[in-house]
Amino acid sequence: MRKKTFLQIVLFLLIIIFTYIFFYTYIKKDEKIVEKEKINKETKTDIITDIEYLSKDDDGNTYIIKAKNGIIDEENQDLIHLKDVKAEINFDMNKKIFITAIKATYNNDNFDTMFSENVKLSHDNHNLECNNIDLIFSENYAKLFGNVKYMNNFTKLLADQIEVDLISRKTKISMYDRNNKVKIKHKNDGLN
């Protein structure tokens, strides 16, 4: 009887050992693979490099935006988040506006673009720096805001925001706090 009991215990232990080995060799490995796939899916991004978009309106005005790279927004496929951005707006018989920024969000559907971080705009001898520029072509509207600094040969202007109607070109310059004033410094003969 002792042999029989001993044999049963040995068989029972072998079954446990084989079950343990089987579980950690096959089933646990599959869990690690699944975990690894989840991590790869979460960190996987589709980066598009050397991007260029061109749009043209009925009047012949063009808007070209270029970026070193971009990522399509997962929630809205019309939006692309761009980095190292350069834009050019050609209007009124080859007058050009150049915009550069570290980041921008571009809408493929309506061409609306929100520039951010170290935004610079230049047109002829007019130069402007600010934190953000929102070009809302769908509403013919532009908003330049956050530490706006405008400079040309004769004037330096500091404000919080500038709003521009893109059709009539009417401009509104303002401060967030109405108690603060827009600062304008006029240079004598453009030499100051």
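Predicted model, so just to flag it, every value in this text is computed and none were measured.

K.L.:
I keep staring at the overall build of the protein chain and nothing clicks. Help me out?
P.N.:
On a plain count of helices and strands, the protein chain comes out with one helix and 10 strands. Across the protein chain, helices and strands are ordered from the amino to the carboxyl terminus as α-β-β-β-β-β-β-β-β-β-β. Looking at the 192 residues of the protein chain, the share that counts as buried comes to 27%. Taking as baseline every contact in the protein chain between residues at least 6 positions apart, the subset at least 24 positions apart corresponds to 32%. Accessible surface computed for the protein chain: about 14500 Å², of which carbon and sulfur atoms make up 54%.

K.L.:
I would appreciate a short explanation of the packing of aromatic side chains in the present structure.
P.N.:
By convention here, two paired aromatic rings are described through the distance between centres and the angle between planes. Enumeration over the complete set of coordinates arrives at two aromatic pairs. Seen from their ring centres, Y53 and Y106 are 4.6 Å apart, and the 25° between their planes marks the pair as stacked. You can see Y53 sitting in strand β1 (residues 47-56) and its partner Y106 sitting in strand β4 (residues 95-107), a full 53 residues away along the chain. Residue Y53 is classed as partly exposed on the basis of its relative accessible area of 22%. Above the plane of the ring of F145 lies K143, whose end atom (NZ or CZ) is 5.1 Å from the centre.

K.L.:
Teacher, can you tell me more about the side chain of D134 here?
P.N.:
Looking at where D134 falls in the secondary structure, it is placed in strand β6 (residues 126-136). No salt bridge is formed by the buried D134; its nearest oppositely charged neighbour, K143, is found at 6.3 Å. Dropping the residues within four chain positions of it, D134 is found in contact with T113, M114, F115, Y141, A142, K143 and F145.

K.L.:
I'm lost on the pattern of salt bridges in this one. Help?
P.N.:
Pairing is possible between side chains of opposite charge, provided their charged atoms come close. All told, the structure shown has two salt bridges when counted by the stated rule. The partner of E88 in a salt bridge is K96, with the nearest N and O atoms 3.7 Å apart. A relative accessible area of 34% means that K96 is categorised as partly exposed.

K.L.:
Help me understand the pairing of β1, please; the structure alone is not making it clear to me.
P.N.:
Strand residues, when the strand is regular, have side chains that alternate between the two faces of the sheet. Both β1 and strand β2 (residues 62-72) contribute to a ladder of nine bridges, which runs antiparallel. By the bridge assignment for β2, E52 is matched with K66.

K.L.:
Please explain the environment of V119 as it appears in this structure.
P.N.:
The topology assignment puts V119 in strand β5 (residues 113-123). Sequence separation between V119 and E129 is 10 residues, and the spatial gap between their C-alpha atoms is 5.7 Å. Residue contacts for V119: discarding those within four places in its chain leaves I99, T100, A101, L128, E129, C130, N131, N132 and I133.

Rules and cut-offs
- Residues numbered from 1 in each chain as written.
- Predicted model: local features only at pLDDT ≥ 70, side-chain atom pairs only at ≥ 80, totals over all residues.
- Heavy atoms only, no water.
- Helix = DSSP H or I, 4+ residues; strand = E, 2+ residues; numbered from the N terminus.
- Buried < 20%, exposed > 50% of the residue type's maximum accessible area, 1.4 Å probe, protein only.
- Contact = heavy atoms within 4.5 Å.
- Areas by Shrake-Rupley, 256 points an atom, 1.4 Å probe, with all protein chains shown as cover.
- Phe/Tyr/Trp six-rings, centres within 6.5 Å; stacked < 30°, edge-to-face > 60°.
- Lys NZ or Arg CZ within 6 Å of the ring centre and 35° of its normal.
- Lys, Arg positive; Asp, Glu negative; His and termini not counted.
- Salt bridge = Lys/Arg side-chain N within 4 Å of Asp/Glu carboxyl O.
- Pairing = 2+ DSSP bridges.

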